[in-house]
Structures are given as C-alpha cells and as structure tokens.
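Examining the three-dimensional arrangement
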Amino acid sequence: MDRYDGFREFVLARQQALMRSAYLLTGDAHLAEDLMQSVLLKVAGHWPRLIRHGTPEAYTRKALINQYISWQRRKQRESPSADPPERGHAHDDATIDRIVLHKALTRLTPRQRAVIVLRFYEDLSERETAEILGCSVGTVKSQTHHALGRLRTLAPELSELFTETEEARR
Amino acid sequence: MNRLREALDDVAADAPAINLADWAITRSRRRRRARMAAAGAAGAAGLAVLTGVVLGVFPGIGPSQPDRTIVAAATGKIADLPGRGVGPLSYAYRTFCHSSAPVLTDCRNGGWRVVTRAGETYHVPQALGYKSGQSFYPLAISRDGRIIAYYSRPARTFKVRDLASGAEQAAPVAITEAELGGNARLELSDDGRYLAFTGYPSRKADGLIIDMRARTTLPLPMGWDPRSIDGATVTLTRDAKYGQQPGIWVMPLTGGGGSPIAVGEAYTRFSGLAPDGSGLAALRRDQSPYPYSYDGTITVLDAKTGKAKKTVTMRGLRKDSRGLTLGAWLNASEVTLATTPSDRWNENRHITYAVNVETGQVRQLAVYRPQSGAFHDVIPGAPAAAW
C-alpha cells in the first residue's frame, strides 16, 4: 500500500475550497498559493497518520490557519494595491463591496482575520473556531466582536453588513 | 446566507485555480528520501570522519541546489474515461457548476466523475447524471471497484462496463428516462451480471432485475427497494414510510419464490444480506417525533422469520451523525454504515464505517468529500448516506 493512498483524492476534492480560505486569509493570490503549498506538503508528510486517525480535514484546516498566523508574525508581506473605486464607476454594488471588504480585511490582525474567515466564511461554530485557534470560546467571541468593530471603522460603507452580522450573533 | 458571507464569497472567488496534488506527493517523496538518506548517512558519519582524519582528506560540500519555486498550475483539465485500462475505482460523484459549493475546474453540470484508487479522475460522459430540477440518474460500482453500471441516453437503457477491458454490454430491455423517475436506485452484483433498479422511493412503479448474461428481466414488486444481489437472490426491504408495514424479502433470482417477512415497526434502515444468507442488519428508530432519529443500536434480523437475533449498542460513532444508512457486509460480523457528521446546510462530508454486529464497535473506514454532499457520490460496497 502506498503511503499516499487517498491523498490525491483528498487534495483534488478539497484544494479549491482551501485555496479560497487561503486567499481570504492572505489577501494575495501568490501568498495564498505559497500557503497552500506549504500546508499540503505538511499534510502529505503526515498523511498515513492522518488517515489512521480520520482527521485529514481538521488537520489541514488547522495547519492552514496556524501557518498563516505564523507567517504574519514573522513578516508583514501584504501591500494592498488598489484603492476602492469611487462610487459612480461602472461597478455594481457587489463589486464595490468586494473591493472594500478585501482591503479592509488586509488591515485586520492575523487572528482577527482568521476569526472572520472561520466564523463567517467557513461557518464554523465558536467552539470549532476556538479549537482551531487553540484559544477559549470567550477569546473567539471577543476577537469576533473586535474584528467586526474594526471592519466597521475601516469600511464604514459596509457597516450595515457588519452590524447585521453582529446582531445575528446575539 | 447573510450578506457578509456573500461578500466573503465574492472576495474568495478571486482565488486562482490550483492543482497541487501531484506536486505535493512528488515533493513529499523527495523530502522523505532525503530524510532517510540523511539518517543513513548519520550512521556512517563517524566512520567517514575517522577515515577523513586518517587519510587527511574531506570531501568538499557542493553548492546546494536552490529549491525551484513551483507555481500552482491552473490546469485542472479532466480527461474522459479512457476506452480501456482504468484501474479499480475509489468512488464516483456528480459535479454541479452552479452550486453554492466551490465549483470544480473543468466542471460539467450534473456529470459523473470517477476517481480511481490510484487517484486518477475521469469524466464519464457516457453516463447520464442529471437532467434538470430534481431528476438525478444513478451510477453503480461493483464492490471491487472494477465494474460500473450507468444509464446511457443514446442506448435508452443501462450499460455495464468493465473498466479494465472497456467491454460494455447494454441491458436487454429499453428503459425510458420517464420510467427511471427522478431518483432511481441502482444495485450491481459483484460480478456485474445482475442489475436491480427501482425509482426511489419505489412507490409509483415496479422496479426491475436485469440478468445481463441470460438477457432476461424479472419485475420487482412495487414499494420494495433492492439492498443486495448475489448469484441466487435479491434482498429487498421496505421501511415504515408511507404507512407501509416494514419488511424484508429474500427473493430468488429465478423469480416467483420467497415471500415478504414483516419486521417490527421500529426498524427502518436495512443492510444487504449477510454473507451466510441468514439475516441482515437494521437500525431502529427512537421514540422521538423526528423521523430519522435512531436509538443507537444495530440489530441482526433473521431473514426467514424477521425476528431480532441480536441487538447491540453502537460504540464509536460521532455524536452528531446524521443520515445513517446501512450497506454491504465486509465480512461475517461487520457491515458498512454511511453517515454525514452533521446536518449543517453546507455539510459535504460522507463518512463510511464498519459496524461489528457482535460487539457494536464502530470503526471509521474513510471520509469522502463529494462536491455537493453525500447524496451525489457512490462508494463501492458502501451505501449512500440518505435522509
């Protein structure tokens, strides 16, 4: 039996979803690819044990978040390039939201961004998010609160969207 | 979906397509070889140093090769199923291109893809997977993964295909798409000789057993679902839905034999026939008002009397498991069970287990990630988790 049995299938099935999370975390396509390469290499190295324990998905997600936070601790590599266009350009509202949100996300701390991605993109519960980040549920709650608050400040044009999310949490 | 999720989805949609599976394996193998070589070299190092001292020479250390940066390729082109030489399958799944789930590269809406145990993925363009709305068409895989059965639109019937040789045989009877219904259930015998299909749930029309070798057919009684076919019998079950009396029926493939056996009202999910032909496994509903809530036990029912032979509590199943469905037997004491681990709207994990009917011990076999949930994948020997 090959030690990578099932790995290719796992990656084929999950890589695009993971890549989207990586992109949300890093805000940069090249960094997201770097992050994915680094994480998948780790996953491949531990694959037989992950299969034995039935935890490849959980491990991969955790590795993605931790690797990202670890990178960000060492260096700030992001340089958001484009300012959001003024209203009135030929962009629809969704495009404006996307650009503004993209830029605002890059201004959060790594852990705040991880919380936003895990809670509101991957739809994980507070408990699951806490497990991945290795912190308490209370910390996740406060990080979420601060992250949404900061997003409101950074992107006031989207404040309704963050307020709606904050209210839904209560 | 709330607006923040939608906006995050929009941002995430800018992520480039990647295909890193082969790269990660190659790179990981190389690292592993290097580690093992280093470990072997460490053992020899003492001797080498000693030799160097004695001879007064040390080998120079050459310049290290810089790591080549591999940029993820945005290819992802999937080939069609080759005419022959395809290895045993790991699983098959339907893909959807207008889904809330991440859309796969080279997507064909509603099309079937198969994945071999070696990891190769192929489109199966000859197999009808989806028409429109809620009309899905089945694909079956033999337990050893070497034979598939599917509905061919040009042939207007099922075809059975040996993946290694590419040999195909069409069923001897025409079956219209209307006859298939919206969600037909298809079972394939281990040797590919027999096919059994019913519209699912099979309440509106008879199903059919098709003998691909003898070129004959045998109607299945309405309301009964095929669970397994061996060389001599087809095992049918009926649960308590629609006010029916639940039951089991081990029907000879020669036709006209056997008779339905009533089982207790609480039994609702049934396995295929055990290898010794004496019984089959079933799950039992609990007392809650929820229709698909089980009491956590598994029971072996006598195939001749319908009476419970043994009931044990399952141990080791995830607490929030949903959609529990029993399938084929792995051996004399273990039967397959498929579940999804939660009822979250975006849950797409499909987990298979082996349940020991003597001890109740559950062991996980594999976790699958079909693009659009457990309803849209097919695993050889294991059932589809169903609600």
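The rules we used
Residue indices begin from 1 for each chain and proceed along its sequence in written order. By the order in which they are written, chains take letters starting at A while ligands take numbers starting at 1. Per-residue local features of the predicted model are confined to residues with pLDDT of at least 70, and side-chain atom pairs are confined, for both listing and counting, to 80 or more; whole-chain, interface and lining totals are unaffected and use all residues. As a per-residue measure, pLDDT tells how confident the predictor is, with possible values from 0 to 100. Contact between two residues is assigned when their C-beta atoms, built from the backbone, lie within 7 Å. For helices the rule is a DSSP run of H or I covering at least 4 residues; for strands it is a run of E covering at least 2, with both sets numbered from the N terminus onward. Here the term charged refers only to Asp, Glu, Lys and Arg, the term nonpolar to Ala, Val, Leu, Ile, Met, Phe, Trp, Tyr, Cys and Pro, and the term polar to all other amino acids, Gly among them. Convention adopted: a line fitted to C-alpha atoms gives each axis, helices being fitted over their contacting stretch, and angles between N-to-C directions are expressed from 0 to 180 degrees. Geometric relationships in this document are graded by angle, where less than 35 degrees denotes roughly parallel, more than 145 denotes roughly antiparallel, 65 to 115 denotes roughly perpendicular, and other angles denote oblique. Working rule for handedness: look at the near helix, and if it is turned counterclockwise from the far one by less than a right angle, call the crossing left-handed; if clockwise, right-handed. What a helix is expected to span follows from its residue count: subtract one and scale by 1.5 Å. Exposed residues have 12 or fewer other C-beta atoms within 10 Å of their own C-beta, buried residues have 20 or more, and residues in between are partly exposed; the C-beta atoms are placed from the backbone. In plain words, the nonpolar core is the set of buried Ala, Val, Leu, Ile, Met, Phe, Trp, Tyr and Cys residues that C-beta atoms within 7 Å link up.

**Some words on the confidence of the model for chain B**
In regions of low pLDDT, the predicted coordinates are not meant to be interpreted in detail. Residues and elements named next belong to chain B. In this model, chain B carries an average pLDDT of 79, and 79% of its residues clear a pLDDT of 70 or more. Note on residues 42-75: pLDDT is under 50 here. Beyond four places in sequence and across chains, it has 15 contacts. Two summary scores accompany this predicted model of the complex, namely pTM at 0.56 and ipTM at 0.87.

**Observations concerning the interface of chain A and chain B**
How big an interface is tends to be reported as the loss of accessible area on association of its parts. Listed by partner, the interface residues are 39 residues for chain A and 35 residues for chain B. For the side of chain A that touches chain B, the element with the highest residue contribution is helix H1 (residues 7-26) of chain A, accounting for 14 residues. Its residues placed into classes, the side of chain A that touches chain B shows 22 nonpolar, 7 polar and 10 charged.

**Some points on the packing of H1 of chain A against helix H2 (residues 29-45) of chain A**
All names here are of chain A. Look at H1 against H2: their axes get within 9 Å of each other, and the N-to-C directions meet at 140°. Judged by the angle between their axes, H1 and H2 are oblique. As for how H1 packs across H2, the hand of that crossing is right-handed. Facing H1, whose interface residues are Phe7, Val11, Gln15, Leu18, Met19, Ala22, Tyr23 and Thr26, H2 presents Ala29, Leu31, Ala32, Leu35, Met36, Leu40 and Ala44. Here the residues of the contact of H1 with H2 sort into 13 nonpolar, 2 polar and no charged.

**What about H2 of chain A?**
The α-helix winds at 3.6 residues per turn, so residues separated by three or four positions along the chain end up facing the same way. Given a rise of 1.5 Å per residue, 17 residues ought to cover 24 Å, and the 24 Å separating the end C-alpha atoms of H2 of chain A matches this to within 8%. Every buried residue belonging to H2 of chain A is among Ala32, Glu33, Leu35, Met36, Gln37, Val39, Leu40, Val43 and Ala44 of chain A, and all of these are buried.

**Quick word on the nonpolar core**
Residues and elements named next belong to chain B. Core analysis: the biggest nonpolar cluster contains 78 residues, and Ala92, Ala149, Leu195 and Leu280 have the highest contact counts within it. When residues in this core are grouped by element, the largest group, 5 residues, is from strand E6 (residues 147-152). Excluding residues within four positions of it along the chain, Leu280 makes contact with Thr235, Ile248, Phe270, Ser271, Gly272, Leu273, Ala274, Leu301 and Ala303.

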